[in-house]
Amino acid sequence: MKLVTAIIKPFKLDDVRAALTAVGVPHMTVTEVQGYGRQKGRSSLYRGAEYAVEFLPKLKLELALRDEVLEQVLDAILDSAHTGDVGDGKVFVVDLEQAIRIRTRETETDALR
Ligand SMILES: Nc1ncnc2c1ncn2[C@@H]1O[C@H](COP(=O)(O)OP(=O)(O)OP(=O)(O)O)[C@@H](O)[C@H]1O
Ligand SMILES: [Mg+2]
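Sequence positions are assigned chain by chain, starting from 1 and proceeding in written order. Chain labels run from A onward and ligand labels from 1 onward, assigned in the order the entries are written. The model is predicted, so local features are restricted to residues of pLDDT at least 70 and side-chain atom pairs to those at 80 or more, both for listing and for counting; the totals for chains, interfaces and linings are taken over all residues. For side-chain calculations, the full set of non-hydrogen atoms in the structure is used, while hydrogens and water are omitted.

Q: Which parts of the structure should I look at to understand the environment of D14?
A: Strands are runs of DSSP state E lasting at least two residues, helices are runs of H or I lasting at least four, and both sets are numbered from the N terminus onward. For D14, the position within the fold is in helix α1 (residues 13–22). Here the term buried applies to any residue with accessible area under 20% of the maximum for its type, exposed to any over 50%, and partly exposed to those in between, with areas from a 1.4 Å probe on protein chains only. Overall, the relative accessible area of 52% leaves D14 in the exposed class. In sequence terms D14 and R113 are 99 residues apart; their C-alpha atoms lie 22 Å from each other. For the purposes of these results, a polar contact is taken to be a pair of N or O atoms within 3.5 Å, where, inside protein, one atom must be able to donate a hydrogen and its partner to accept one; residues adjacent in sequence count only when each atom of the pair is a side-chain atom. Separated by 3.3 Å, the side chains of D14 and R17 make a polar contact.

Pasting the structure below:
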């Protein structure tokens, strides 16, 4: 199992959700976050003498997935969240050790269905 964390531009949520639904992902967690990347939150070229980092609003999506669907889910996110401008975001993938459905105590991939 994998845990995918995607940081995206907030206005892309509907597109990303539609793309994920289309590839059969019926669940996600969304959190409003703030962050910055290598432009340090500056949307245009560095103008002033003052050095300031700006936190920009982003959304963090978290999805626990079966290994078999990882590649198509990544494609769906990368396509649907893409504008080509800076700040489009990032996707992180880590191995997921366990998942448990609280109601039934189902584990592993049974808990992800
Ligand atoms: N290495 C990182 N670790 C944690 N969060 C990150 C990291 N890089 C980016 N982020 C998060 O993703 C958001 C968007 O990052 P962003 O797309 O600007 O990355 P970037 O490396 O600057 O790429 P680009 O040049 O395309 O803008 C940031 O606001 C931050 O929340
Ligand atoms: Mg950036």
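Q: Help me understand the side chain of T5 in this model?
A: Turning to its location among the elements, T5 is positioned in strand β1 (residues 2–8). Look past the residues within four positions of T5 in its chain and what remains in contact with it is K60, L61, E62, K90, V91 and F92. Between two residues, a contact is recorded if the distance between any of their heavy atoms is within 4.5 Å.

Q: How should I be thinking about α1 in this particular structure?
A: An α-helical turn contains 3.6 residues, so a residue and the one three or four places further along point in the same direction. Buried within α1 are the following residues: V16, A19 and L20. Down the axis of α1, the buried side of the element spans an arc of 100 degrees, and every buried residue falls inside it. In this structure, α1 carries D14, T21 and A22 as exposed residues pointing more than 90 degrees from its buried face. Where α1 is buried, its residues touch β1, β3 (56–65) and α2 (70–80). Immediately downstream of α1, the backbone of G24 shows phi near 85 degrees, a positive value. When we speak of the arc, we mean the arc of directions from the helix axis to the C-beta atoms.

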